[in-house]
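Understanding the architecture of this molecule
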Amino acid sequence: MITTATLEDVSALEKLINSAYRGETSKQGWTTEANLLEGKRITEDELSKTIQNKENTILKFAENNRIMGCVLLVKKENQLYLGMLTVSPELQNSGIGKKLLQEAEIYALTLGLPKIIMTVISIREELIAWYKRHGYADTGVREPFPLNDTDAIIGKQPLEFIVMEKII
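Small disclaimer: the values here were computed from a predicted structure and weren't measured.

1. Re the overall build of the protein chain
- Of regular secondary structure, the protein chain possesses five helices and nine strands.
- Order of helices (α) and strands (β) in the protein chain, N terminus to C terminus: β-α-α-β-α-β-β-β-α-β-α-β-β-β.
- Put simply, 66% of the contacts in the protein chain that link residues at least 6 apart link residues at least 24 apart.
- With the model as given, the accessible surface of the protein chain reaches about 8900 Å², and the carbon-plus-sulfur share is 50%.

2. Describing the nonpolar core
- Counting residues in each nonpolar core, the largest one holds 25 residues, and the members touching the most others are L82, L85, V120, Y131, Y136 and M164.
- Contributing elements (two or more residues each) for this core: β3 (56-63), β4 (66-76), β5 (79-87), α4 (96-110), β6 (115-121), α5 (125-133) and β9 (160-167).
- Looking at this core element by element, the count peaks at five residues for α4.
- Residues within four places of L85 in sequence aside, it is in contact with Y21, C70, V71, G97, L100, L101, W130 and Y131.
- By size, the runner-up hydrophobic cluster in this structure holds 19 residues, among which are I17, Y21, I42 and V74.

3. Things to note about the sheet that holds strand β1 (residues 2-4)
- With mixed pairing, seven strands are arranged side by side in an open sheet as β1-β3-β4-β5-β6-β9-β7. Across the chains shown, the open sheet's two edge strands, defined by having one partner strand only, are β1 and β7 (137-144). Within this sheet the neighbouring strands show an average axis-to-axis angle of 30°, counted without direction.
- With five bridges joining them, β7 and β9 adopt antiparallel strand pairing. Residue pairing in the sheet places P144 in a bridge with E160 of β9.
- Across the sheet, α5 touches β5, β6, β7 and β9, and the angle it forms with β6 is around 165°.

4. Description of helix α3 (residues 44-52)
- Those residues of α3 lying buried are L47, S48, T50 and I51. One face of α3 carries all of its buried residues, which in axial projection span an arc of 160°. Looking at α3, the residues exposed on the side facing more than 90 degrees away from the buried face are K49 and Q52.
- Tucked into the core, α3 has its buried residues touching α1 (10-21), β3, β4 and β5.

5. Here's the deal with the packing of aromatic side chains
- On inspection of all chains with the given rule, the structure shows three aromatic pairs.
- Seen from their ring centres, Y131 and Y136 are 5.8 Å apart, and the 75° between their planes marks the pair as edge-to-face.
- When the centroid spacing of 5.1 Å and the interplanar angle of 50° are considered together, the rings of F145 and F161 count as tilted. Highlighted residues: F145 in the loop between β7 and β8 (152-153) and F161 in strand β9, separated in sequence by 16 residues.
- Judged by its relative accessible area of 15%, F161 falls in the buried class.

Definitions and limits used
- Residues numbered from 1 in each chain as written.
- Predicted model: local features only at pLDDT ≥ 70, side-chain atom pairs only at ≥ 80, totals over all residues.
- Heavy atoms only, no water.
- Helix = DSSP H or I, 4+ residues; strand = E, 2+ residues; numbered from the N terminus.
- Contact = heavy atoms within 4.5 Å.
- Areas by Shrake-Rupley, 256 points an atom, 1.4 Å probe, with all protein chains shown as cover.
- Core = buried A, V, L, I, M, F, W, Y, C linked by side-chain atoms within 4.5 Å.
- Buried < 20%, exposed > 50% of the residue type's maximum accessible area, 1.4 Å probe, protein only.
- Pairing = 2+ DSSP bridges.
- Axes fitted to C-alpha atoms, helices over the stretch in contact; angles between N-to-C directions.
- Arc of directions from axis to C-beta.
- Phe/Tyr/Trp six-rings, centres within 6.5 Å; stacked < 30°, edge-to-face > 60°.

Right under this line is the structure:
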């Protein structure tokens, strides 16, 4: 079931997001950034602030009181920004990510927003291909990759974001 995350979910969300993006557990799934970056993807404090911001919504996918996936949605002018799409590493390829994407589209339509945008690290070709299969297109726009205090780049390749969008 997909519902809106609350402050009570922060601890579980922090564990889920960090386990899917960074560290050894993330390598069980195909969406890991562990070969690119070290450090935490997000902290509980950052998540709390994100949830408290009225422009943001985090949708969570949960069964049996276990959060197995989530996505951050941010209303930005006439579009919805989609970020931090996360599925527990051992459940990737089970359809949870697709369900969260579909729910994001419904959410955008309820807000009257005709477009969803996102940023993806440019060298994550498999992930970019997955988004393209779900109707997202590369806009040609590139943005610098911001490093936070806990990030450390592992590879020698410079990181940048590509901006992708889907008109709904």
